[in-house]
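Each chain is listed here by its residues.
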Amino acid sequence: MTRPLADLMRPKTIDEIVGQTDLLGENGIIRQMVNNNNLSNLILWGPPGCGKTTIARALANSVDMDFVPLSAVFSGTADIKKVMEAAKMNREIGRNTLLFIDEIHRFNKTQQDTLLPYLEDGTVTFIGATTENPSFNLNNALLSRCHVCVLKPLCTTDLLTLTGRAETFLGKKIPLTNDAKIHLCQMADGDARFLLNSIEYISSAKFKKDLTPEKLDSAIQKRAP
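Bear in mind that the values here come from a model prediction, so they are computed numbers and not experimental data. (Residues numbered from 1 in each chain as written. Predicted model: local features only at pLDDT ≥ 70, side-chain atom pairs only at ≥ 80, totals over all residues. Heavy atoms only, no water.)

### Some points on the confidence of the model for the protein
A low pLDDT means the predicted coordinates there should not be read in detail.
So, step 1. With 98% of its residues at a pLDDT of at least 70, the protein reaches an overall mean of 94.
So, step 2. The secondary-structure element of the protein with the lowest mean pLDDT is helix α12 (residues 213–220), recorded at 92, while strand β1 (residues 42–45) shows the highest, at 98. (pLDDT = per-residue confidence, 0-100. Helix = DSSP H or I, 4+ residues; strand = E, 2+ residues; numbered from the N terminus.)

### Some words on the sheet that holds strand β3 (residues 97–102)
So, step 1. Pairing within the open sheet is parallel, and its 5 strands lie in the order β2-β3-β4-β1-β5. Either end of the sheet is taken by a strand with one partner, and the two such strands are β2 (66–71) and β5 (147–150). Ignoring which end each strand starts from, the neighbouring axes of this sheet average 20° apart.
So, step 2. Of the strands in this sheet, β1, β2, β3 and β4 (125–130) touch helix α4 (residues 52–62), which is tilted by about 175° from β3. (Pairing = 2+ DSSP bridges. Axes fitted to C-alpha atoms, helices over the stretch in contact; angles between N-to-C directions. Contact = heavy atoms within 4.5 Å.)

### Regarding the pattern of salt bridges
So, step 1. Across all of its chains, the model carries 11 salt bridges by this definition.
So, step 2. A salt bridge links Asp 7 to Arg 10, with the shortest nitrogen-to-oxygen separation between them at 3.5 Å.
So, step 3. The exposure class assigned to Asp 7 is partly exposed, which follows from its relative accessible area of 26%.
So, step 4. The class for Arg 10 is partly exposed, based on a relative accessible area of 22%.
So, step 5. Its salt-bridge partner being Asp 15, residue Arg 31 comes within 2.7 Å of it at the nearest N-O pair. In this pair, Arg 31 sits in helix α3 (residues 29–35) while Asp 15 sits in the loop between α1 (5–8) and α2 (21–24), placing the two residues 16 residues apart along the sequence.
So, step 6. Among the residues examined, Arg 31 registers a relative accessible area of 17% and is labelled buried.
So, step 7. Via salt bridges that share partners, Arg 3, Asp 7 and Arg 10 belong to a single interconnected network. (Salt bridge = Lys/Arg side-chain N within 4 Å of Asp/Glu carboxyl O. Buried < 20%, exposed > 50% of the residue type's maximum accessible area, 1.4 Å probe, protein only.)

Right under this line is the structure:
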């Protein structure tokens with residue numbers, strides 16, 4: 001099965017990431033962590049498609065750590081313990097591990113508490129991603145050991161930049177008029193994943209002419225909010 005365009009185009013380092021300048025810009029907290037080669041435990045809070053997983057993966061690459069992803073939807077306490085045992089072995093040979101847990105708010109209190117001793121002794125550097133307010137969905141004990149970083153939806157300018165990158169990556173023009181490209185970015189409503197999935201579909205379809213905004217609405221079956 002072919003990997004989705006959004007995954008194929010995922011940035012490898014934080015320098016390649018579009019948007020989130022408050023966190024990744026010159027004075028941003030994540031930028032400073034990378035510059036100092038010293039990551040702290042993080043909670044990335046933001047809407048879908050704003051770059052939470054991308055930032056976590058890029059951080060691991062930027063500071064040369066082993067990246068271990070888990071989903072709180074499909075994983076439990078046993079999975080956490082397996083990861084921690086592997087991370088301890090990793091540390092013995094001089095390798096550090098970044099544990100990324102997506103949808104961390106889906107873990108119950110017991111599962112969240114399982115993480116605490118490993119965060120205390122530095123077995124892993126932990127990054128959790130959530131679309132829900134951490135104050136209401138995560139234990140105070142876990143929150144006290146993490147920096148909470150708020151991610152914003154990508155703006156239209158950011159999404160237009162991604163559109164240009166997609167054309168370069170695909171090696172061809174996306175069959176959209178300039179107005180339709182802007183309209184697609186507005187339809188995405190800050191969600192880079194939706195944008196790139198839509199570009200992948202539009203580029204593979206056999207449209208005979210560039211789509212206008214009106215025809216784009218029909219092709220995607222979604223209107224700009």
